[in-house]
Amino acid sequence: MKKTILLFATLLSTVCANAQQMNLSWAKSFVAPNAFGYAQAYNNNITPLSNGDLIVVGTFKDTIDFDPAAATTAMLSSPSDYNVHITRLNSNGDFVWTKMLDGDNEVFISNLQTDANGNYYMNGFFKGTCDFNPDPLVANNLTSSGDKDVFLCKWNSSGVFQWVRQFGNAGSNISYDMATDAAGSCYLAVMYVDSIDADPGVAQSYYLSNGLQDALMVKVSTSGTLLNAYSIGGAFVDVIRDFKVLPGNELLVTGSVLGTVDLDPGVGTFPVTVLPGTQAGFILKLNAQGAFTWAKVLQPQNGGSLSRVESIDTDQNGNIYLSGVNQGAVDFNPDNQAVHLISSVNGTMDAYMMKLNSAGQFLWAHSFGANFSDYLNSVTVMNDGRCFIFGEYSGQIDLDPDSVNTILITSPGSFGNYQNFILGLDANGNYSWGSGVGGYGANLIGNTLVTDGNNNLFSCGYYGGSTDFDPNAGVFNLSSPPLTGGGFILKLSTAVTGVSESTASNFNFFPNPATDQVIIQSSSGDRMDNIAVFDLSGKCISSIAANQHTAFRLDVSSLSAGMYLLQITSSAGITAKKLQVVK
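A quick note: this is a predicted structure, and the numbers were derived from the prediction, not measured.

**Q** Looking at this model, I keep getting lost on the overall build of the protein. Mind explaining?
**A** When helices and strands are counted, the protein shows zero helices and 49 strands. In terms of C-alpha radius of gyration, the protein reaches 24 Å, essentially the compact-globule figure of 25 Å for 583 residues. Taken along the three principal axes of its C-alpha coordinates, the protein extends 75 × 60 × 50 Å. Across the 583 residues in the protein, those meeting the buried criterion constitute 57%. Contacts spanning at least 24 positions in sequence make up 57% of the contacts within the protein whose residues lie at least 6 apart. Computed over 25 positive and 47 negative side-chain charges, the separation of the two mean positions in the protein equals 9 Å.

Set out below in structure tokens:
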């Protein structure tokens, strides 16, 4: 039975929020104390913690000060070529502590994740001998079997060493990503050639590569023992780039393949064939037991074309967001019955972003290209339904996927000089906000983009010289000494508090003031995607999927008395209204 909701006419101040725009909260850097020694700091990943603190990880050489404050220092020195830093900052970007993985040759870190108990898990690869225990009085050394081995290391929430596991052979092995699930199990991807032992313990579980490079997926328990493993690969080079653990411990795996590859890791088969001379991005879904559920491939359409999936995230409804690069003509609709072709600009490499539903069915895709090759490193989805990508471009690029409107940005300096860009789209793939962010050097800057659940964005990477990190009209420069490179950390916050009042609105709600619940209804038939509640400091208190309804009953009984903003993401865009809660 269809219910009719009677709306009382009320005179309410409507807040047309500039919620699309992201503003600079702060930017910090790790830099060398002077210009001697060609010191470098590369921040690879940033992980927000539940209390608002941040863990920043990366590699460095020579001596770097990991305390961003000007008045104090926290120096680490690398006796070898490159070593790893793990640095904790508070919510304001102020220094808490820093630790290092000390090797005698090279050590690189790819990612750090936490489990429900706050333990740290980190992965990367090393050459030579490395001490994975940050305690200067205790050593836990591993030595690589060949050129480079992969490591998986666990520290407790206080940064105390727990264990480290090693995966390698006589060749060079690399790991791009890892993840943890609710039970504390850890998933790790290892790129390998020839053969490799997937069991880091006393037992052996060898896998043989089918070609030039295969991808091994390993699942270990919270104590580091092998739970499951499988390998993906054909006759050529195959890569696992990123993966996402879903509720219920299902797993989404992304990467790229060449030639013919079986994407079913079990006894069944799911063969995928890519045109000769091309490379195709894929997404694979596995159930909690590691069994095949489905797989999708972004197929190149002619020789020399390619697609790669570099990053993945999901929203509260289970929809899947993918980002990566494409070149030539690529069909972004992985379903056989339809085609969604996108061709790159000038035949160079472009950046793309796309959305699938939870079953892997195509919803939309957009590509962004400039005069030169462009790169896309990361995608993240906010609680309010907006999705953001972080990439690099050179020349001039249009950030608005709409065929009519244009949002052009131009990289500074001569063409071929690279700059970061951050781009936000709404849940329907429409332009929300975007901007260039200062920097230089392809594939060196802007390694990651994450959100903390409160609609804040965080990024980190590498920069040199004097660079402006304010993505809007303001200027906020960070500098590194000449001949050195610094590692930056950037926080952007939603501009929901920078609002302007208007009497126009597509939504009405009652009662206001409210005690227990509020009924929200569209006055123009616009369907709501998401409803977020913010306090007046801009902090997101809650965010709820509205599932395309035109009317919604919102529970506010848990809110303290005070003034709030209700941010409504709909087919008409993003608006917000003031709500008073009384007790």
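**Q** How should I be thinking about the pairing of strand β11 (residues 149-155) in this particular structure?
**A** Along a regular strand, successive side chains alternate from one face of the sheet to the other. Most of β11 is tucked away: seven of the seven residues are buried. Residue alternation in β11 divides its side chains into two sets, Asp149, Phe151, Cys153 and Trp155 and Val150, Leu152 and Lys154, and both sets are buried. Direction of pairing for β11 relative to strand β12 (residues 161-167): antiparallel, over a ladder of six bridges. Residue pairing across strands places Cys153 opposite Val164, the latter belonging to β12. Following β11, the chain reverses through five residues before pairing antiparallel with β12; Gly159 in that reversal takes a positive phi of roughly 80 degrees.

**Q** Whenever I open this one, the nonpolar core confuses me. Can you help?
**A** One broad rule of soluble globular proteins: the nonpolar side chains tend to lie buried together. Counting residues in hydrophobic clusters, the biggest one holds 25 residues, and the most contacted among them are Met217, Ile240, Phe243, Leu251, Val253, Leu263 and Phe282. Within the residue set of this core, elements represented by two or more residues are β14 (186-192), β17 (214-220), β18 (226-232), β19 (239-245), β20 (251-257), β23 (280-286) and β24 (292-300). Among all residues touching Leu251, those that are not within four sequence positions of it are Tyr187, Met217, Tyr230, Phe243, Lys244, Val245, Leu284, Lys285 and Leu286. In this structure, Val57, Ile86, Ile109 and Phe132 belong to the second largest nonpolar core, which totals 21 residues.

**Q** Looking at this model, I keep getting lost on a nonpolar patch on the surface. Mind explaining?
**A** Residues Leu212, Phe236 and Val237 make up a contiguous nonpolar surface patch of roughly 270 Å² in combined accessible area. Along the chain, Val237 falls in the loop between β18 and β19. On the basis of relative accessibility, which here comes to 33%, the residue Val237 falls in the partly exposed class.

**Q** I tried to follow unusual backbone geometry on my own but got confused; where do I start?
**A** Outside of glycine, negative phi angles account for most residues, and trans bonds account for most peptide bonds. Omega for the peptide link from Phe510 to Pro511 comes to -5 degrees, which places this bond in the cis form. Positionally, Pro511 belongs in the loop between β43 (507-510) and β44 (517-522). A cis amide bond, omega 10 degrees, links Asn512 with the succeeding residue Pro513. Of note, Pro513 is situated in the loop between β43 and β44. Residues other than glycine seldom take positive phi values, yet Asn249 does so here, at roughly 70 degrees. With respect to the secondary-structure elements, Asn249 resides in the loop between β19 and β20. By relative accessible area, Asn249 is classed as partly exposed at 22%.

The rules behind these values
Residues numbered from 1 in each chain as written. Predicted model: local features only at pLDDT ≥ 70, side-chain atom pairs only at ≥ 80, totals over all residues. Heavy atoms only, no water. Helix = DSSP H or I, 4+ residues; strand = E, 2+ residues; numbered from the N terminus. Rg over C-alpha atoms; globule rule 2.2 N^0.38 Å. Buried < 20%, exposed > 50% of the residue type's maximum accessible area, 1.4 Å probe, protein only. Contact = heavy atoms within 4.5 Å. Lys, Arg positive; Asp, Glu negative; His and termini not counted. Charge placed at Lys NZ, Arg CZ, Asp CG, Glu CD. Pairing = 2+ DSSP bridges. Core = buried A, V, L, I, M, F, W, Y, C linked by side-chain atoms within 4.5 Å. Patch = residues over 30% accessible without salt bridge, like charges linked within 9 Å, V, L, I, M, F, W, Y side chains within 5 Å. Areas by Shrake-Rupley, 256 points an atom, 1.4 Å probe, with all protein chains shown as cover. Salt bridge = Lys/Arg side-chain N within 4 Å of Asp/Glu carboxyl O.

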